[in-house]
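# Close look at the chain arrangement
Next come the chains, spelled out residue by residue.
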Amino acid sequence: MGAGTVKGTEPLPATIAKLDFWRLLLTNINLTDDEGHGCTPDRLPKSSFSVIFAAVNQMDTLLEGLERYAELIPVLRTGIVVSVGHGSDGVHLNFDFPGESEAMAERRERYLELIAMVFHCVLLWETAEDLRPVRVRLSSRLSDRDGSMVSGLAANQTRSGFGLTIVYDKADLATPLGRRKYTRWGAHDLTAFEGLMERTISHTSPPTSPTVEKLAHLLGNGDLSRPDAAKALGMSPATLQRRLSLAGTSFRELSKDIRRRKLVSLLSTDGRLDDIAAELGWSDRRSLWRSCQDWLGASPSQYRAGLRSSRS
């Protein structure tokens, strides 16, 4: 009621809109004086994150701001690990809660989504630009049916591994920071979040089409070129490309997604890295390492260590 999502004796809704959820979070922080929402080892007094956001705003460019953010997060002792990696598709901002107990795993994964979204809104405010990530990787611990705070942030969205990754376009890395003054968490971020919701409200995952389903099945059984895949589906390469475009994807993106899923599945086994690389069609372990960094935000050994930690 305090957040204005229900009135009087109205029953609680079965689902809640993102903007209403955001307001509930702000209300909870004001009531409990805890920006950790019970997820962090220690309580985080209100405006704890604002100190870091203000420091980020002193950086010259978006890239420097991302690196400064990752550098300062440990100061808050949240248990969250943030790192910056460079991939072929852009700069990866990786969020993780390493070594957490299974009892808190899902709650903390959702908290990571919140932290990632808050920081993105901070960047929207501080750059005064419509920054659009090129890709978002969400945690496989959570389900799409339950919604996500960061869904709609990028058209290319996948679920694999633990934690999450937001990939910022290389073309945006020189964007200047400090275009607006940052004073406190809440008001600025709510304004940025409202604007973000207006832009992304119609951006949902592309509907599955028969062509996409059939092609995904073919690619799951072996690597194919686009002409060979089109022939197997009984159509020309141009027709295949057109149908995939109408479904909101492309042959390249679908192929990469299938290989990414295979990579996640194979890394969960005890298979040798050289064998995994060969299974996925890579000539050596270096190609496996680069793809793992690009797609999962971690090296093969780091990803496996995270899997072992979650199972212990």
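Located above this text is the structure these notes cover.
These lines cover the structure that appears in this document, whether it is placed above or below.

What counts, and where the lines are drawn
- Residues numbered from 1 in each chain as written.
- Predicted model: local features only at pLDDT ≥ 70, side-chain atom pairs only at ≥ 80, totals over all residues.
- Heavy atoms only, no water.
- Phe/Tyr/Trp six-rings, centres within 6.5 Å; stacked < 30°, edge-to-face > 60°.
- Pairing = 2+ DSSP bridges.
- Helix = DSSP H or I, 4+ residues; strand = E, 2+ residues; numbered from the N terminus.
- Axes fitted to C-alpha atoms, helices over the stretch in contact; angles between N-to-C directions.
- Contact = heavy atoms within 4.5 Å.
- Salt bridge = Lys/Arg side-chain N within 4 Å of Asp/Glu carboxyl O.
- Buried < 20%, exposed > 50% of the residue type's maximum accessible area, 1.4 Å probe, protein only.
- Patch = residues over 30% accessible without salt bridge, like charges linked within 9 Å, V, L, I, M, F, W, Y side chains within 5 Å.
- Areas by Shrake-Rupley, 256 points an atom, 1.4 Å probe, with all protein chains shown as cover.
- Arc of directions from axis to C-beta.
- Core = buried A, V, L, I, M, F, W, Y, C linked by side-chain atoms within 4.5 Å.

### Considering the packing of aromatic side chains
This model, assessed by the stated rule, comprises six aromatic pairs. Through a chain of ring-to-ring contacts, the aromatic side chains of Phe49, Phe53, Tyr69, Phe95 and Phe119 assemble into a single cluster.

### Focus: the sheet that holds strand S2 (residues 90-96)
The five strands are arranged S1-S2-S5-S3-S4 in an open sheet whose pairing can be described as mixed. Each having just a single partner strand, strand S1 (81-87) and strand S4 (157-159) make up the two edges of the open sheet. Strand-to-strand twist in this sheet, taken as the mean axis angle between neighbours without regard to direction, amounts to 15°. Strand direction decides the pairing type here: strand S3 (residues 135-138) and S4, joined by three bridges, are parallel. From the neighbouring strand, Leu138 faces S4, where its bridge partner is Arg159. Contacting S1, S2 and strand S5 (164-168), helix H3 (residues 62-72) runs over the sheet at an angle of about 145° to S1.

### Some points on the pattern of salt bridges
One pass over the structure, following the stated rule, counts eleven salt bridges. Linking Arg68 and Glu71 is a salt bridge whose minimum nitrogen-to-oxygen distance equals 2.9 Å. With Arg68 and Glu71 both in helix H3 and three residues apart, the pair spans about one turn of that helix. On the basis of relative accessible area, Glu71 is assigned to the exposed category, the value being 51%. A salt bridge links Asp275 to Arg272; the nearest nitrogen and oxygen atoms lie 3.0 Å apart. Judged by relative accessible area, which is 43%, Asp275 ranks as partly exposed. Here the residues in one salt-bridge network are Arg272, Asp274, Asp275 and Arg285, joined through shared partners.

### Observations concerning a nonpolar patch on the surface
On the surface, Ile16, Phe21 and Leu24 cluster together to form a nonpolar patch covering roughly 220 Å² of accessible area. Structurally, Ile16 can be placed in the segment before helix H1 (18-32). Note on Ile16: relative accessible area 39%, which makes it partly exposed.

### Looking at helix H6 (residues 210-220)
Buried within H6 are the following residues: Thr211, Val212, Leu215 and Leu219. With its buried residues spanning 95° around the axis, H6 presents them on a single face. More than 90 degrees from the buried face of H6, the exposed residues found are Pro210, Glu213, Lys214 and His217. Looking at the packing, one finds that the buried side of H6 touches helix H7 (226-232), helix H8 (237-246) and helix H9 (251-267).

### Here's the deal with the nonpolar core
Counting residues in hydrophobic clusters, the biggest one holds 49 residues, and the most contacted among them are Tyr69, Phe95, Tyr111, Phe119 and Leu123. Sorting the residues of this core by element identifies H1, helix H2 (48-56), H3, S2, helix H4 (102-127), S3 and S5 as the ones contributing at least two each. Of all the elements, H4 adds the most residues to this core, at 13 residues. Membership of the second largest hydrophobic core comes to 13 residues, among which are Val264, Ile276, Ala277 and Leu288.

### Focus: unusual backbone geometry
The backbone of Ser47 sits at a positive phi, close to 80°, despite the residue not being glycine. Relative to the elements of secondary structure, Ser47 occurs in the loop between H1 and H2. Its relative accessible area of 31% is what places Ser47 among the partly exposed residues. The backbone of Ala128 shows a phi angle near 55°, a positive value even though the residue is not glycine. Looking at where Ala128 falls in the secondary structure, it is placed in the loop between H4 and S3.

### A few points about the pairing of S5
Within S5, five of the five residues are buried, leaving the element largely enclosed by the surrounding structure. Residue alternation in S5 divides its side chains into two sets, Leu164, Ile166 and Tyr168 and Thr165 and Val167, and both sets are buried.

### Focus on the pairing of S2
Judged by how many residues are buried, S2 sits mostly within the fold: six of seven residues are covered. Pairing geometry for S1 and S2, over seven bridges, is antiparallel. Counted as the bridge partner of Val82 is Phe95 from S2. As consecutive antiparallel partners, S1 and S2 are separated by two residues. Across five bridges, S2 lies against S5 in antiparallel orientation. Note on S5: the bridge partner recorded for Asn94 is Thr165.

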